[in-house]
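Take a look at the letters that make up each chain.
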Amino acid sequence: KAGVTQTPRYLIKTRGQQVTLSCSPISGHRSVSWYQQTPGQGLQFLFEYFSETQRNKGNFPGRFSGRQFSNSRSEMNVSTLELGDSALYLCASSTSGPKPEQFFGPGTRLTVL
Amino acid sequence: GEDVEQSLFLSVREGDSSVINCTYTDSSSTYLYWYKQEPGAGLQLLTYIFSNMDMKQDQRLTVLLNKKDKHLSLRIADTQTGDSAIYFCADAFTGGGNKLTFGTGTQLKVEL
């Protein structure tokens, strides 16, 4: 089975712009979660989608949003980018079955100038 | 909210055992995880343990869980240079879904 894929892998934007990141989960996985990783704050949960519905949400401002499509692929959007949004954005996929395994993609490295 | 703590650094010699420790605050945790992150890469799931277990062994990895003290450890036997990475423990949110709270990560350095 192919693993979790994220596109693009690297992105450079300027302050005030918006950005959309994409995540394709492992085939058959219906849950997709997003995390932000920075040197200062570590790994922080953004949100989780399951069957096209947001199931959990972290403590991020409304500039961060996401959605999930019927094929379980997910996108996250950040509007009005700030310098502090520079981070590695990681996506994780998991099944809704008895094994609670969550598998991560390679991440998208976002740099805001 | 939940909090997960780890020591920042650990240095061991090749061939020795490594023990990485983690403490958490959520007494109703269901699953606890260990992930490995190499430079420039995503997170690799190493193992996880259900909260009603005390120990889980998986090849060179041994996970110990002390639920009373809310303490989790990962032992890597016969540590190799390829084990050099950052190791994260994570606690699963008990309110449903797949939200994880991660520790700060422990940088493991394996010296020859």
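Above this text sits the structure in question.
These numbers were taken from a predicted model, which means no experiment stands behind them.

Participant: Could you give an account of the interface of chain A and chain B, with specific residues and numbers?
Facilitator: Between chain A and chain B, the residue contacts involve 23 residues of the former and 18 residues of the latter. Of the roughly 1,600 Å² buried between chain A and chain B, counting both surfaces, carbon and sulfur atoms make up 54%. If you look at where chain A meets chain B, you find seven residue pairs in polar contact (both at pLDDT 80 or more). Mapped by element, the contributors of at least two residues to the side of chain A that touches chain B are strand 4 (31-38), strand 5 (42-50), strand 6 (53-57), strand 9 (87-94) and strand 10 (102-104) of chain A. Per-element accounting of the side of chain A that touches chain B gives the leading share, four residues, to strand 4 of chain A. Considering only residue class, the side of chain A that touches chain B consists of ten nonpolar, eight polar and five charged.

Participant: Account for the sheet that holds strand 3 (residues 18-24) of chain B, with residues named and values stated.
Facilitator: Residues and elements named next belong to chain B. Judged by pairing direction, the sheet is antiparallel, and its five strands sit side by side in the order 1-3-8-7-6 without closing on themselves. The open sheet is flanked by strand 1 (4-6) and strand 6 (55-58), the only strands paired with a single partner. Averaged over neighbouring strand pairs, the angle between their axes works out to 15 degrees when direction is ignored. As paired elements, strand 1 and strand 3 share three bridges and run antiparallel to each other. Looking across to strand 3, one finds that valine 4 is bridged to tyrosine 24.

Participant: Lay out the nonpolar core in plain terms, naming residues and giving numbers.
Facilitator: Residues A:Trp34, A:Leu46, A:Phe64, A:Met76 and A:Tyr89 are the most contacted members of the largest nonpolar core, which totals 21 residues. Secondary structure elements with two or more residues in this core: strand 3 (19-24), strand 4, strand 5, strand 8 (74-78), strand 9 and strand 11 (108-112) of chain A. Those residues in contact with A:Leu46, other than ones at most four positions away along the chain, are A:Trp34, A:Tyr35, A:Gln36, A:Lys57, A:Gly58, A:Phe60, A:Phe64, A:Met76 and A:Tyr89. If you look at the next biggest cluster of nonpolar residues, it comprises 20 residues, including B:Ile20, B:Leu32, B:Ile76 and B:Tyr87.

Participant: Quick one: what's the story with the packing of aromatic side chains, residue by residue and with numbers?
Facilitator: Across all of its chains, the model carries 13 aromatic pairs over all chains by this definition. Centroid distance A:Phe104 to B:Tyr35: 5.2 Å. Interplanar angle 85 degrees. Geometry classified as edge-to-face. Here A:Phe104, found in strand 10, pairs with B:Tyr35, found in strand 4 (residues 31-37), and the two come from separate chains. Arranged with centres 6.2 Å apart and planes meeting at 90 degrees, the rings of B:Phe88 and B:Phe102 form a pair that is edge-to-face. Within this pair, whereas B:Phe88 is found in strand 9 (residues 85-92), its partner B:Phe102 is found in strand 10 (residues 100-102), the two being separated by 14 residues in sequence. For the pair shown, B:Phe88 and B:Phe102 are each scored as buried. For the cation-ring pair, A:Arg55 lies above A:Phe50, with the distance from its terminal atom to the ring centre recorded as 4.3 Å.

Participant: Could you give an account of unusual backbone geometry, naming the residues involved and the relevant values?
Facilitator: What is expected of a backbone is that most residues other than glycine have negative phi and most peptide bonds are trans. In this model, A:Thr7 is joined to A:Pro8 through a cis peptide bond whose omega is -10 degrees. Mapped onto the fold, A:Pro8 is located in the loop between strand 1 (5-7) and strand 2 (10-13). One non-glycine residue with positive phi stands out, namely A:Ser72, at about 75 degrees. For B:Gln59, which is not glycine, the phi dihedral falls at a positive 55 degrees.

Participant: Give me the lowdown on the side chain of A:Ser94, citing residues and values where you can.
Facilitator: Position of A:Ser94 among the secondary structure elements: in strand 9. At a separation of 2.9 Å, a polar atom in the side chain of A:Ser94 contacts the side chain of B:Asn98. With residues up to four places along the chain from it excluded, the contact list for A:Ser94 reads A:His29, A:Arg30, A:Ser31, A:Glu101, A:Gln102 and B:Asn98.

Definitions and cut-offs
- Residues numbered from 1 in each chain as written.
- Chains lettered and ligands numbered in written order.
- Predicted model: local features only at pLDDT ≥ 70, side-chain atom pairs only at ≥ 80, totals over all residues.
- Heavy atoms only, no water.
- Contact = heavy atoms within 4.5 Å.
- Buried area = accessible area lost by both parts, 1.4 Å probe.
- Polar contact = N/O pair within 3.5 Å; in protein donor to acceptor, adjacent residues only side chain to side chain.
- Helix = DSSP H or I, 4+ residues; strand = E, 2+ residues; numbered from the N terminus.
- Nonpolar A, V, L, I, M, F, W, Y, C, P; charged D, E, K, R; others polar.
- Pairing = 2+ DSSP bridges.
- Axes fitted to C-alpha atoms, helices over the stretch in contact; angles between N-to-C directions.
- Core = buried A, V, L, I, M, F, W, Y, C linked by side-chain atoms within 4.5 Å.
- Buried < 20%, exposed > 50% of the residue type's maximum accessible area, 1.4 Å probe, protein only.
- Phe/Tyr/Trp six-rings, centres within 6.5 Å; stacked < 30°, edge-to-face > 60°.
- Lys NZ or Arg CZ within 6 Å of the ring centre and 35° of its normal.

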